[in-house]
Amino acid sequence: MKLRNILLSVLFAATFCACTDFGNINVDPNSVSAAKTDYLFTYAARYTRYFVQNSDGYDPWTVYWNGYGAESINNQYGPLGTTAQYSTSSYYLYAIKNLQYVIDMASAENPGTNVTSFGDVKSQIGAASTLQAFFYLKMTDILGPIVYSEALKGSSDDNWKPKYDSVKDVYYGLFKQLNEAYTTIPADGSLNSNDLFYNGNMKNWKKLNASIRMLMAIRLSDIDPAKGKEEFAKAYSDGGIVKNAENFQYTFDNLTPNTMYSQIYLVGSPSQTSMVPNSQIVDTLKAYQDKRLFEYCDVQGYKAPVTDEAGELLPENDFNSYKGVPHGLRTNDDVSNASKGCCSFDKKLYESMTIPQVLINAAVVLFAQAEAAELGWISATPKTLYEDAIKASFEQWGAADVDKYIASAKVAFSSNKDQALYQIHLQRWIAAFFTDGIEAWADWRRTDVPFRPVGPGALDASNNAYPYRLLYYPDTDVKYNEENYKACLKDLSDGKDTRWSRLWWDVKDNRTGVYPVAN
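Residues numbered from 1 in each chain as written. Predicted model: local features only at pLDDT ≥ 70, side-chain atom pairs only at ≥ 80, totals over all residues. Heavy atoms only, no water.

### Describing the overall build of the chain
Definition in use: By the criteria applied, helices consist of DSSP H or I runs no shorter than four residues and strands consist of E runs no shorter than two, each listed in order from the N terminus. Partly exposed describes any residue whose relative accessible area lies between the buried limit of under 20% and the exposed limit of over 50%, with all areas from a 1.4 Å probe on protein chains only and scaled to the type maximum. For the accessible areas, the method is Shrake-Rupley and the probe is 1.4 Å, while residue cover comes only from the protein chains on display.
Each helix and strand counted, the chain has 22 helices and 6 strands in total. For the chain, the residues scored as buried account for 60% of the 519 residues in total. Accessible surface for the chain amounts to roughly 20,000 Å². Of this, 51% is attributable to carbon and sulfur atoms.

Printed below as a string of structure tokens:
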């Protein structure tokens, strides 16, 4: 059992008791009452899992809103009116703050063994700063303006009412933070096994850092292309994730089981499982004769096996055997009827507590590079990157016949720029299946691909789209920082705190579902 599995409750206490006086750490570096940077890092890392499926409970909007999952028993969240306000307090308190402690402790003049036992200090600083930036990025992509430049300054600077930075300022600040972290990370450095992502391989941490910058930069294509091009070209030159062995993934254990295991496998009777594949991803894969369908979904899963009229199990490698469920129907009966004969998610997503959860895969990064090449941001061949991305996705899932798929009429890379960009965006959506849901949702908001009309049961169908952001912090947070909260709303498209307010980079508006077709 890895060190990270030992006494998480002690870690929690150490985080908030021992970290207030770093001088005492060096007095007794082996004491369990003193914080250890590997424990602090591990505890923070656990929070990345919530960006794939946002909680262990029901309402996994990070799966539903992307067109990957749907309800199969009740129409509880299809109306889009019951998702709660989004609280960032846990991310600041347990993730971002812990990582700042790692940075501060590793930066001390004479770090003790509670620091050095995790690895060399530069590796700790660079990895912690990179992961911290990842958390900030997720929060701003969810909410819009957030507390960034004045974060964590309450006790040190007596600043209990920090300002909210605009999305643009957060992005610019994160580019700076990530670039500095990249140069800090030594390629020959190392961390111990409490690095849950790369097991101390700092070359992969550098690739992750560059990949995050590429995903951020391509987000600016419609609003700030000059900055986007500058940052993308630098990150591309630094080198990102291009192989599945380099994927950014969270490794679960028995204390923190895979979220899909908690949501699907532990719900009791298999027939009671509340989440099944969305008809949009299923129908898209069927229309493209995409054999990733057989790896994403299962006709023998946790729902009742899908059979024909004679009671025979439908063949697994037949596209006609698979049926998804629309999200957002009108009534519980509509959902129940639509889920009859539906397929399930493939067991490889949920059957074990310890199945790793991929957050950023090589395919998504390669598709971002293909788009950048098509835009003229980098000197590379977009067709080659596009095909490499598809191959990486097929390899990740163990899907067959990738060469035949790439050569098919709908998939073969178009010479028409608009059509080529559409192909890149759609294939990126397919390849992002059950990875970082916030990233997939952000990419949909930026590109409007695929077309995501709300279901007929939505309370506010006039918007004809899934939400563009989540509601802001809980009322208690707003109450105690009201002036800064109100000031930050000007950064949203309509100056209002609604789920239909657009973020700075979200300026495209395609609600027709009509996309360019090659001549």
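### Re unusual backbone geometry
Working note: non-glycine residues mostly have negative phi, and peptide bonds are mostly trans. That bond from Val449 to Pro450 is cis: its omega, 0°, falls within 30 degrees of zero. Tracing the backbone shows Pro450 in the loop between helix H20 (437–447) and helix H21 (475–480). With a phi close to 50°, Gln289 is a non-glycine residue in the positive phi region. Note on placement: Gln289 falls in the loop between helix H13 (279–287) and helix H14 (293–296). Residue Gln289 is classed as partly exposed on the basis of its relative accessible area of 47%. The residue Asp401 is not glycine, and still its phi comes out positive at about 65°. With respect to the helices and strands, the residue Asp401 is situated in the loop between helix H17 (382–397) and helix H18 (402–407).

### A look at the nonpolar core
For the record, the criterion: We define a nonpolar core as any set of buried Ala, Val, Leu, Ile, Met, Phe, Trp, Tyr and Cys residues linked to one another through side-chain atoms lying within 4.5 Å. Two residues qualify as a contact provided that any one of their heavy atoms is within 4.5 Å of a heavy atom in the partner residue.
By size, the foremost hydrophobic cluster in this structure holds 155 residues, and its most contacted members are Leu131, Phe197, Trp205 and Phe248. The element contributing the most residues to this core is helix H7 (residues 121–143), with 12 residues. Residues within four places of Phe197 in sequence aside, it is in contact with Phe41, Ala45, Thr48, Leu131, Trp205, Phe248, Gln249, Tyr250 and Leu359. Ranked by size, the runner-up nonpolar core spans 7 residues in total, among them Ala70, Val276, Val335 and Cys342.

### Focus: H20
Note the cut-off: Think of a polar contact as two N or O atoms within 3.5 Å of one another; within protein, one of them needs to be a possible hydrogen donor and the other a possible acceptor, and neighboring residues in sequence only count if both atoms come from side chains.
Most of H20 sits inside the fold, with 11 of its 11 residues counted as buried. Within H20, burial applies to Gly437, Ile438, Glu439, Ala440, Trp441, Ala442, Asp443, Trp444, Arg445, Arg446 and Thr447. On its buried side, H20 packs onto helix H4 (61–64), H7, helix H10 (202–218), helix H16 (362–375) and helix H19 (417–431). Capping the start of H20 is the job of one residue whose side-chain oxygen sits 3.0 Å from the backbone nitrogen of Ile438: Asp436. At the C-terminal side of H20, Asp448 shows a positive phi close to 60°.

### Describing the pattern of salt bridges
Spelled out, the test is: The rule for a salt bridge is simple: a side-chain nitrogen of Lys or Arg has to be within 4 Å of a carboxyl oxygen of Asp or Glu.
Counted by the stated rule, this structure contains 24 salt bridges. Close ionic contact of Arg219 with Glu439 constitutes a salt bridge, the shortest N to O distance being 2.9 Å. Here the residue Arg219 occupies a position in the loop between H10 and helix H11 (225–238), and Glu439 occupies one in helix H20, the gap between them amounting to 220 residues. Its relative accessible area of 7% is what places Glu439 among the buried residues. Salt-bridge contacts for Glu482 lead to Lys486; the nearest nitrogen and oxygen are separated by 2.9 Å. Note that Glu482 and Lys486 are positioned in helix H22 (residues 482–488) at a spacing of 4 residues, about one turn of the helix. Residue classification places Glu482 among the partly exposed positions, given a relative accessible area of 40%. Taken together, the shared-partner salt bridges in this structure form one network comprising Lys138, Asp141, Arg219, Glu371, Arg428, Asp436, Glu439, Asp443 and Arg446.

### Section: the environment of Leu191
With respect to the helices and strands, Leu191 occurs in the loop between helix H9 (167–184) and H10. The exposure class assigned to Leu191 is buried, which follows from its relative accessible area of 8%. Those residues in contact with Leu191, other than ones at most four positions away along the chain, are Phe118, Gly119, Asp120, Ser123, Gln124, Ala127, Asn199, Gly200, Met202 and Trp205.

### Observations regarding the confidence of the model for the chain
Applied cut-off: What pLDDT expresses is the predictor's confidence in each residue, scored from 0 to 100.
Across the chain, the average pLDDT comes to 87, with 87% of residues at 70 or higher. Segment residues 1–32: pLDDT under 50, and 56 contacts once partners within four positions in sequence are set aside and those in other chains are kept.

### Observations concerning H11
Rule in force here: Residue count minus one, scaled by 1.5 Å, sets the expected span of a helix. Starting at the helix axis, one direction is taken to each C-beta atom, and the arc is that of these directions.
When the terminal C-alpha atoms of H11 are compared, their 20 Å separation across 14 residues agrees well with the 20 Å that a helix rising 1.5 Å per residue should span. Within H11, the full set of buried residues consists of Lys227, Gly228, Glu231, Phe232 and Ala235. Seen end-on, H11 carries its buried residues on one side only, within an arc spanning 120°. Summarising the geometry of H11, the exposed residues directed more than 90 degrees from the buried face are Ala226, Glu230 and Ser237. On its buried face, H11 sits against H9, H10 and H16. Taken from the residues just after H11, Gly239 is the one with a positive phi, measuring 100°.

### Overview of the environment of Asn114
Here Asn114 is to be found in helix H6 (residues 113–116). Owing to a relative accessible area of 1%, Asn114 belongs among the buried residues under this scheme. Separated by 76 residues in sequence, Asn114 and Asp38 place their C-alpha atoms 8.2 Å apart. Within the structure, the side chain of Asn114 is placed 3.1 Å from the backbone oxygen of Ala35, a separation counted as a polar contact.

### Side note on the packing of aromatic side chains
Applicable threshold: Two rings from Phe, Tyr or Trp (for Trp, the six-membered ring) form a pair when their centres are within 6.5 Å of each other. A pair whose planes differ by under 30 degrees is stacked, one over 60 is edge-to-face, and the rest are tilted. Look at NZ for Lys and CZ for Arg. If either is within 6 Å of the ring centre and within 35 degrees of the ring normal, a charge sits over the ring.
Under the counting rule described, the total for this entry stands at 45 aromatic pairs. Considering the side-chain rings of Phe41 and Trp205, the 6.0 Å spacing of their centres and the 70° angle between planes classify their relative orientation as edge-to-face. Of this pair, Phe41 sits in helix H3 (residues 37–45) while Trp205 sits in helix H10, and the two are 164 residues apart along the sequence. Among the residues examined, Trp205 registers a relative accessible area of 0% and is labelled buried. The ring of Tyr182 has Arg213 sitting right over it, with the charged end atom 5.0 Å from the ring centre.

### Thoughts on the packing of H17 against H19
Threshold: Axis geometry follows a simple rule: fit a line to the C-alpha atoms, using only the stretch in contact for helices, then measure angles between N-to-C directions, giving values from 0 to 180 degrees. The scheme is simple: roughly parallel for angles under 35 degrees, roughly antiparallel for over 145, roughly perpendicular for 65 to 115, oblique for anything else. Left-handed describes a crossing whose near helix is turned anticlockwise from the far helix by less than a right angle; the clockwise case is right-handed. Amino acid classes used here: Ala, Val, Leu, Ile, Met, Phe, Trp, Tyr, Cys and Pro are nonpolar; Asp, Glu, Lys and Arg are charged; the rest, including Gly, are polar.
Following both chains from N to C, one finds H17 and H19 inclined at 15°, their axes separated by 10 Å at the closest point. Between H17 and H19, the angle falls in the class roughly parallel. For the pair H17 and H19, the crossing hand works out as left-handed. Across the interface between the two elements, Tyr386, Ile390 and Ser393 of H17 pack against Gln423, Ile424, Gln427 and Ala431 of H19. A class-by-class count of the residues in the contact of H17 with H19 yields 4 nonpolar, 3 polar and no charged.

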